[in-house]
Amino acid sequence: MNTANFPWLTTIILLPIAASLLVPIIPDKDGKTVRWFSLIVGLIDFALIVTAFYTQYDFSNPDLQLVESYPWVPQLGLNWSVGADGLSMPLIILTGFITTLAILAAWPVTLKPKLFYFLILAMYGGQIAVFAVQDMLLFFLVWELELIPVYLLLAIWGGKKRQYAATKFILYTAGGSLFILLASLTMAFYGDNVTFDMTTLGAKDFALNLQLALYAAFLIAYAVKLPIIPLHTWLPDAHGEATAPVHMLLAGILLKMGGYALIRMNAQMLPDAHAYFAPALIILGVVNIIYAALTSWAQRNLKRKIAYSSISHMGFVLIGIASFTDLGLSGAVLQMVSHGLIGASLFFLVGATYDRTHTLMLDEMGGVGKKMGKIFAMFTTCSMASLALPGMSGFVAELMVFVGFATSDAYSNTFKIFVVFLMAVGVILTPIYLLGMLREIFYGQENKELVSTQKLIDAEPREIFIVACLLIPIIGIGLYPKILTQVYDATTLQLTGRLRDSVPSLAQREVPAVSMSAPKIGS
């Protein structure tokens, strides 16, 4: 068999979706058969992802690989078009890895297990499709399809305010999706030929005013998913009511969809407009870092504290995207993967802690580390990764964004000093609220009422295995970041070159810096 002609991405996307359709007919009452079936499907699909990556992916090729295109609805110009490059391949691997672990994390689920695993598997294929499709209309469809499982997972298996959180999630994200549809249709019908192909759309010569309008529309949609303040309020509510496996999918994959789309659509397809919006992205990134860090510090609910921490860390992604340097853009991609791993590990441990203490309020905890030593050790290690301890992936990613922006010739020195100072403040705030969280949960005297009413058992082997699987790449990337950066270096180099070409002063190197408020855009 010629593996080069095998439809790798189509198989990877459709396998979990097809498997989810079999879940309702599996004879199973207590969910034990269904969970094993789902785990096996997840492992097989992840194995296919890894196989495609090692056998078919060329690190030195910056263009799309594993390309497949089939006519789907010719009357609408809709094609099943998929492909992977340095921007999408790391996130496809991350999706398979996190989702498979989330299936294992869902082992204790007993409420409607068939429906739960059906949604998880359908979401598996939908999320990979978001990173792989190369047709704008198809991208909109899979983006929308992915929302339905998340809504149901929150509305059925969430906490006391699950209906409110699920409704808020769907209103925010579906409302943002309308901007994707409007912008996509505008791009498709602009000019002489009607097409939804992303490569063709990226080559169209859009008028500058239209580029700015399209960029703004996409930015609103992806600001909801990233999320960017002030369109972030759905995330703390969703995390506050979600279960551990849903937490892992939200923090590990869902937020990365916004960052990926911001690079793919806004920066790559609308580079002239990106030069105008880049300073605004920098400001929004700084606001995310500082505001969310301060808000996380003030939270007394453990889930909401980690949720705001996620928002803060995603601010570095915005700054890296807008840096106009390869190092900064590379750091943004690395930060997305790193945060996916770290966020999934922290939220899984939050769920494990809640299962034992049955409280999320830090005031009601204290001293539980005495009886839950393994959870204490894992929680501390993952928190160290989140606060960017050297040797962990978070440190490398944030350092790359720092240096990439600080050495950028696209902004004045005054602006760079101002932004770098605020980024440093955010980095200082992170260990303050994370170490304070650890102190309130695990240190000090035991809460006698909590100890007497709850069975504080330590971590079981399944939980240790899940956290260990997440810590291995976190530490591996931290010690040897090239293991990941080489996957996308060629693509980010090419994209950075195109972004710099959109600003004449950068392309020609005649002026060392561009005004942060009025970059000179070529027609």
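Residues numbered from 1 in each chain as written. Predicted model: local features only at pLDDT ≥ 70, side-chain atom pairs only at ≥ 80, totals over all residues. Heavy atoms only, no water.

Colleague: Could you give an account of the nonpolar core, naming the residues involved and the relevant values?
Modeller: Phe-139, Tyr-222 and Met-248 are the most contacted members of the largest nonpolar core, which totals 192 residues. By residue number, the principal contributor to this core is helix H10 (residues 244-269), which donates 17 residues. (Core = buried A, V, L, I, M, F, W, Y, C linked by side-chain atoms within 4.5 Å. Buried < 20%, exposed > 50% of the residue type's maximum accessible area, 1.4 Å probe, protein only. Helix = DSSP H or I, 4+ residues; strand = E, 2+ residues; numbered from the N terminus.)

Colleague: Explain a nonpolar patch on the surface to me, using residue names and the numbers behind them.
Modeller: The grouping of Ile-283, Val-287, Tyr-291 and Phe-418 at the surface amounts to a nonpolar patch, some 350 Å² of accessible area in total. Among the elements that make up the nonpolar patch, the one with the highest residue count is helix H11 (residues 271-298) (3 residues). Among the secondary structure elements, Val-287 is positioned in helix H11. Taking the relative accessible area as the measure of exposure, Val-287 reaches 35% and is therefore partly exposed. (Patch = residues over 30% accessible without salt bridge, like charges linked within 9 Å, V, L, I, M, F, W, Y side chains within 5 Å. Areas by Shrake-Rupley, 256 points an atom, 1.4 Å probe, with all protein chains shown as cover. Salt bridge = Lys/Arg side-chain N within 4 Å of Asp/Glu carboxyl O.)

Colleague: Go over the environment of Ala-166, please, and point to the residues and values.
Modeller: Positionally, Ala-166 belongs in helix H6 (residues 162-189). Separated by 100 residues in the primary sequence, Ala-166 and Leu-66 have C-alpha atoms spaced 36 Å apart. Once you skip the residues sitting within four places of it in the chain, Ala-166 turns out to touch Tyr-151, Leu-154 and Ala-155. (Contact = heavy atoms within 4.5 Å.)

Colleague: Any chance you could break down the packing of H6 against helix H9 (residues 234-241) for me, citing the residues and the numbers?
Modeller: Packed helices, taken two at a time, are described by their axes: the angle between them and the distance between them. Running from N to C, H6 and H9 cross one another at 145°; their axes reach a closest spacing of 9 Å. As H6 runs across H9, the sense of the crossing is left-handed. Taking contact as the criterion, the partners of Arg-162, Tyr-164, Ala-165, Lys-168, Phe-169 and Tyr-172 in H6 are, on H9, Trp-234, Asp-237, Ala-238 and Glu-241. Taken together, the residues that form the contact of H6 with H9 break down as 6 nonpolar, no polar and 4 charged. (Axes fitted to C-alpha atoms, helices over the stretch in contact; angles between N-to-C directions. Left-handed = near helix turned anticlockwise from the far one by under 90°. Nonpolar A, V, L, I, M, F, W, Y, C, P; charged D, E, K, R; others polar.)

Colleague: So, the pattern of salt bridges: which residues are in play, and what are the values?
Modeller: All chains considered together, the criterion is met by 9 salt bridges. Here Arg-356 ties to Glu-463 by a salt bridge, and the two come within 2.7 Å at their closest N and O atoms. Taken together, the residues span a long stretch of sequence, with Arg-356 in helix H13 (residues 326-357) and Glu-463 in helix H18 (residues 461-479) at a distance of 107 residues. Comparing Arg-356 with Glu-463, the two get one shared label, buried. Through salt bridges with shared partners, a single network forms among Lys-168, Asp-237 and Arg-304.

Colleague: How would you explain the packing of helix H2 (residues 32-56) against helix H3 (residues 89-105) if you had to name every residue and give the values?
Modeller: Remark: H2 packs on H3, axes separated minimally by 9 Å, with the N-to-C direction vectors making an angle of 160°. By the angle class used here, H2 and H3 are roughly antiparallel. Where H2 crosses over H3, the handedness of that crossing is left-handed. Each of Arg-35, Ser-38, Leu-39, Gly-42, Leu-43, Phe-46, Ile-49 and Phe-53 in H2 lies in contact with H3, whose residues at this interface are Met-89, Ile-92, Ile-93, Gly-96, Phe-97, Thr-100, Ile-103 and Leu-104. Here the contact of H2 with H3 is built from residues that sort into 11 nonpolar, 4 polar and 1 charged. (Parallel < 35°, antiparallel > 145°, perpendicular 65-115°, else oblique.)

Colleague: Which residues make up the state of the cysteines, and what are the values?
Modeller: Scanning all chains against the criterion turns up 0 disulfides. Looking at the unpaired Cys-382, the closest cysteine sulfur is the one in Cys-469, lying at 12 Å. Judged by its relative accessible area of 18%, Cys-469 is buried. (Disulfide = S-S within 2.5 Å.)

Colleague: I'd love a proper account of unusual backbone geometry, names of residues and values included.
Modeller: Working note: non-glycine residues mostly have negative phi, and peptide bonds are mostly trans. Cis geometry is adopted by the peptide bond preceding Pro-227, which originates at Leu-226 and carries an omega value of -10°. Mapped onto the fold, Pro-227 is located in the loop between helix H8 (208-225) and H9. Of note, the amide linkage connecting Ile-229 to Pro-230 takes the cis form, showing an omega dihedral of 15°. Along the chain, Pro-230 falls in the loop between H8 and H9. A positive phi angle, close to 45°, is found at Lys-112, a residue other than glycine. Here Lys-112 lies in the loop between H3 and helix H4 (113-132). According to the relative accessible area criterion, Lys-112 is partly exposed, its value standing at 48%.

Colleague: Go over the packing of aromatic side chains with me, naming the residues and quoting the values.
Modeller: Summed over the entire model, instances satisfying the criterion amount to 25 aromatic pairs. With centroids separated by 5.2 Å and ring planes inclined at 85°, the aromatic side chains of Phe-131 and Tyr-260 adopt a geometry described as edge-to-face. On the criterion of sequence distance, the pair formed by Phe-131 in helix H4 and Tyr-260 in helix H10 is long-range, its members being 129 residues apart. Given the relative accessible area of 0%, Phe-131 is considered buried. On the basis of an interplanar angle of 40° and a centroid distance of 5.1 Å, the ring pair of Tyr-190 and Phe-206 is categorised as tilted. Pair noted here: Tyr-190 is in the loop between H6 and helix H7 (198-203) and Phe-206 is in the loop between H7 and H8, with a separation of 16 residues, a long-range link. Through a chain of ring-to-ring contacts, the aromatic side chains of Phe-53, Tyr-54, Tyr-57 and Phe-59 assemble into a single cluster. Residue placement shows Lys-225 over the ring face of Trp-143; its charged tip is 4.2 Å from the ring centre. (Phe/Tyr/Trp six-rings, centres within 6.5 Å; stacked < 30°, edge-to-face > 60°. Lys NZ or Arg CZ within 6 Å of the ring centre and 35° of its normal.)

Colleague: Describe helix H1 (residues 8-22), and please don't skip the residues or the numbers.
Modeller: For H1, spanning 15 residues, the distance from its first C-alpha to its last is 21 Å, which sits close to the expected 21 Å at 1.5 Å a residue. Maximum bend of H1: about 30°, positioned at Leu-14, with proline Pro-16 one to four residues after it. Of all the residues in H1, the buried ones are Trp-8, Leu-9, Thr-10, Ile-12, Ile-13, Pro-16, Ala-19 and Ser-20. Residues of H1 that are buried sit in contact with H2, strand E1 (65-73), strand E2 (78-84), H3 and H4. (Expected span 1.5 Å × (residues − 1). Bend = angle between axes of the 7 residues up to and from the residue.)

Colleague: So what's going on with the environment of Tyr-117? Residues and values would help.
Modeller: Tracing the chain through its elements places Tyr-117 in helix H4. Counting along the chain gives 251 residues from Tyr-117 to Val-368, while the straight-line C-alpha distance between them is 32 Å. Aside from chain neighbours lying at most four places away, what touches Tyr-117 is Val-34, Arg-35, Ser-38, Ile-103, Ala-106 and Trp-107. Of the polar contacts made by the side chain of Tyr-117, one reaches the backbone oxygen of Ala-106; its length is 2.9 Å. (Polar contact = N/O pair within 3.5 Å; in protein donor to acceptor, adjacent residues only side chain to side chain.)

Colleague: Give a detailed account of the environment of Ile-17, specifying residues and quantitative values.
Modeller: Residue position: Ile-17 is located in helix H1. Beyond its immediate stretch of four places on either side in the chain, Ile-17 contacts Leu-121, Ala-122, Gly-125 and Gly-126.

Colleague: Provide a residue-level description of the confidence of the model for the protein, including the pertinent values.
Modeller: Should pLDDT be low for a region, the predicted coordinates there are not to be read in detail. Residues at a pLDDT of 70 or more form 96% of the protein, whose mean pLDDT is 90. Considering only residues more than four positions removed or in separate chains, one finds that residues 510-523, a stretch of pLDDT under 50, has 33 contacts. (pLDDT = per-residue confidence, 0-100.)

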